[in-house]
Amino acid sequence: MDNLSHLPDDLLLRILSLNTTKEAMATSLLSKRWRSLWTLVPGLSYDHSNHNGDYKSFTQFVYRSFLSNKAPILEHLHLSLGPDCPSVDIGLWINLALSRRVSELHIHIVIPYPKKVSVTLPSSMYTSENLQRLSLTNCVFLDGPVHVLLPSLKTLSLKTVTYADNRSLQIFLSGCPNLEVLSVEDRYDRPPMDVIVVVPSLQRLHMSHGNIETRGTYVLDVPSLKSLEISDSARCNFRQIENMPELVNARVCFGTSSTHEFLKALTSVRRLTLTQPLTELLHMKQVVNPCGIIFNQLVHLDLRTFAVGWWDLLICMLQYSPNLRFLKLIDVAIYFSDMDNPSGWKPPSSVPECLLHSVEAFEWFQYKGRQVDREMATYVLKNALRLKTATFSTRSTDMGEKCQMLKELESVATASPSAQILFD
């Protein structure tokens, strides 16, 4: 504590702002200097679970400490609330924060499964000139006709929110002209809705839709996007995904209904992680070849192998990624007996250009040594002329099995004379 006491007030206030308001207030007992320091903390953070289920006591504490805060600028308000918290209290706390030009709001409603609670937020929150970051969990989003204009909003996170109607998300985003980061995680049991994200300024997008039926419109138009993380197995009547010319990094889990559109929009990506859903059997040659989708900028490819047929997806990606340098396979198919002895892989008629000219690192995480695994590993090792390292790791605890895998791999005559085979 002596060391802390020598720090300047600005730094102490920054440290206190990382704690809940209850924890910050407790420091007033340390010494005379600390007695009122907590009242100048530029942020308020409340967690109902810290009050032993006594909601009346919690509410009184929030109002009392809120009114005691004398910070020149209130930077953030974080609320972690139980399902019994009335919307009227939440609205008053949000409005108090907005009146003090708050720049960050985090509203998290803790709802025990399977209980459902609808917490409505005040309309004033949707027209703040100062709000820069907004995070909502288990709230009602845009309840009724609300005007939206958030010119300063840069970051938006929506997790299992309840949308007022089918166009709520689209209406909200249209009022955020400078939004840069968007994260949307949908409920698996929510009603069908349109998914329309048209945000020219957006740079990072994370969306998780689950196994839903939108039965409507699905549109992504984000020309400035640099980072994409999306899980989509939604079925819909209309799907449109525009090209993303600025895209650098993408992590995509897709279903058969979205494969073609996503791949066509990702041609500018430099690092790509692809995952096949557990229930999908993708036939990538039918999707990729006719369209001639070329990934000229792709340097790093990670392929997570869930479903039978992943080898066809891999070969197609190798054929259409002429500048690929780093290839990583992650075998996560550990629950399905039909993956024990997969068959059906055939080498392509010509060696992919990237294996001949650019691939220098090959990694296989959770390598199992099955027939198709051995054939694929052998194919890469025998054709990658510029390969420097090939690293294999396995979950197996059987030392005999591990040694056998290693011997099989080391016996392969690599095309690259400088290639090293490493076994973790």
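Per an unreviewed UniProt entry, the protein chain is named F-box domain-containing protein, and its organism is Brassica campestris.

(A) Seen up close, the overall build of the protein chain. Tallying secondary structure elements over the protein chain gives twelve helices and 20 strands in all. Residue burial in the protein chain is summarised as follows: out of 424 residues, 49% are buried. If you take every contact in the protein chain between residues at least 6 apart in sequence, the share linking residues at least 24 apart comes to 59%. With the model as given, the accessible surface of the protein chain reaches about 20000 Å², and the carbon-plus-sulfur share is 51%.

(B) Representation of the pairing of strand S3 (residues 104–109) within the structure. A one-sided burial pattern is seen for S3, the buried positions being Leu105, Ile107 and Ile109 and the unburied ones Glu104, His106 and His108. Of the crossover connections in this fold, the one passing from strand S2 (residues 76–81) over helix H5 (residues 87–99) to the parallel S3 is right-handed. Where S3 lies against strand S4 (residues 133–137), five bridges are found, and the strand directions are parallel. Following the sheet pairing, histidine 106 is matched in S4 by serine 135.

(C) A look at the packing of helix H4 (residues 55–68) against H5. At a minimum axis distance of 11 Å, the contact between H4 and H5 shows a crossing angle of 15 degrees. The orientation of H4 relative to H5 falls into the category roughly parallel. The way H4 lies across H5 gives a crossing that is left-handed. Facing H4, whose interface residues are Tyr55, Phe58, Thr59, Val62, Tyr63 and Phe66, H5 presents Asp89, Leu92, Trp93, Leu96 and Ala97.

(D) Layout of the packing of aromatic side chains. Going through the model one piece at a time under the given rule, you end up with nine aromatic pairs. Here the aromatic cluster, defined as three or more aromatic residues joined through ring pairs, consists of Phe362, Trp364, Tyr367 and Phe392.

(E) Local environment of unusual backbone geometry. Positive phi is not limited to glycine here, since arginine 101 has a value of about 60 degrees. Within the secondary structure, arginine 101 is located in the loop between H5 and S3. The class of arginine 101 is exposed, set by a relative accessible area of 55%. Positive phi values are uncommon outside glycine, yet glutamine 366 reaches one of about 65 degrees. Looking at the element boundaries, glutamine 366 is found in the loop between strand S18 (361–365) and helix H11 (371–383).

(F) Highlighting the packing of helix H9 (residues 310–319) against H11. Contact geometry for H9 and H11: axes closest at 11 Å, N-to-C directions at 10 degrees. Classed by the angle they form, the pair H9 and H11 counts as roughly parallel. For the pair H9 and H11, the contacting residues are Trp310, Trp311, Leu314 and Ile315 in the first and Val372, Asp373, Met376 and Tyr379 in the second. Residue composition of the contact of H9 with H11, by class: seven nonpolar, no polar and one charged.

(G) Examining the side chain of aspartate 302 more closely. Within the element layout of this structure, aspartate 302 appears in strand S16 (residues 300–305). A relative accessible area of 5% means that aspartate 302 is categorised as buried. A distance of 3.1 Å separates the side chain of aspartate 302 from the side chain of histidine 300, its partner in a polar contact. Apart from residues lying up to four places away in sequence, aspartate 302 is in contact with Arg271, Leu272, Thr273, Leu274 and Lys328.

(H) A look at helix H2 (residues 9–16). Of the positions making up H2, those classed as buried are Leu12, Leu13 and Leu16. Axial view of H2: buried residues confined to an arc of 100 degrees, hence all on one face.

(I) A look at the pattern of salt bridges. Tallied over the full model, the rule gives seven salt bridges. Of the charged contacts, one joins lysine 368 and aspartate 331 as a salt bridge, the two residues approaching to 3.4 Å between their closest N and O atoms. Of this pair, lysine 368 sits in the loop between S18 and H11 while aspartate 331 sits in strand S17 (residues 326–331), and the two are 37 residues apart along the sequence. A relative accessible area of 0% places aspartate 331 in the buried class. Arginine 370 is the partner of aspartate 331 in a salt bridge, and the nearest nitrogen-oxygen pair spans 2.7 Å. With aspartate 331 in strand S17 and arginine 370 in the loop between S18 and H11, the pair connects residues that are 39 residues apart, well separated along the chain. Among the charged side chains, a salt-bridge network with shared partners connects Asp331, Lys368, Arg370 and Asp373.

(J) Molecular detail of the nonpolar core. Formed by 116 residues in total, the largest nonpolar core has its most connected members in Leu105, Met125, Leu136, Phe172, Leu228 and Leu266. No other element matches the seven residues that H9 contributes to this core.

(K) Here's a closer look at the environment of threonine 267. Tracing the sequence through the fold places threonine 267 in the loop between helix H7 (259–265) and strand S15 (271–275). In sequence terms threonine 267 and methionine 244 are 23 residues apart; their C-alpha atoms lie 7.9 Å from each other. Dropping the residues within four chain positions of it, threonine 267 is found in contact with Asn243, Ile293, Ile294, Phe295, Asn296 and Gln297.

(L) Geometry of the environment of methionine 25. As for its placement among the helices and strands, methionine 25 is situated in helix H3 (residues 21–26). On the accessibility criterion, methionine 25 (19% relative accessible area) is buried. When the C-alpha positions of methionine 25 and tryptophan 38 are compared, they lie 5.6 Å apart, and in sequence the two are 13 residues distant. Sequence-distant contacts of methionine 25, that is, excluding residues within four places in its chain, are made with Trp38, Phe61 and Ser65.

(M) Examining the confidence of the model for the protein chain more closely. When pLDDT is averaged along the protein chain, the result is 82; 80% of the residues meet or exceed 70. The spread of mean pLDDT over the elements of the protein chain runs between helix H8 (residues 284–288), the lowest at 42, and helix H10 (residues 353–357), the highest at 96. Across residues 278–290, where pLDDT falls below 50, the model places 32 contacts with residues more than four positions away in sequence or in other chains. In this model residues 334–340 is a low-confidence stretch, pLDDT under 50, and it forms twelve contacts with partners more than four residues away in sequence or in other chains.

What counts and what doesn't
- Residues numbered from 1 in each chain as written.
- Predicted model: local features only at pLDDT ≥ 70, side-chain atom pairs only at ≥ 80, totals over all residues.
- Heavy atoms only, no water.
- Helix = DSSP H or I, 4+ residues; strand = E, 2+ residues; numbered from the N terminus.
- Buried < 20%, exposed > 50% of the residue type's maximum accessible area, 1.4 Å probe, protein only.
- Contact = heavy atoms within 4.5 Å.
- Areas by Shrake-Rupley, 256 points an atom, 1.4 Å probe, with all protein chains shown as cover.
- Right-handed = clockwise from strand over helix to strand, strands pointing away.
- Pairing = 2+ DSSP bridges.
- Axes fitted to C-alpha atoms, helices over the stretch in contact; angles between N-to-C directions.
- Parallel < 35°, antiparallel > 145°, perpendicular 65-115°, else oblique.
- Left-handed = near helix turned anticlockwise from the far one by under 90°.
- Phe/Tyr/Trp six-rings, centres within 6.5 Å; stacked < 30°, edge-to-face > 60°.
- Nonpolar A, V, L, I, M, F, W, Y, C, P; charged D, E, K, R; others polar.
- Polar contact = N/O pair within 3.5 Å; in protein donor to acceptor, adjacent residues only side chain to side chain.
- Arc of directions from axis to C-beta.
- Salt bridge = Lys/Arg side-chain N within 4 Å of Asp/Glu carboxyl O.
- Core = buried A, V, L, I, M, F, W, Y, C linked by side-chain atoms within 4.5 Å.
- pLDDT = per-residue confidence, 0-100.

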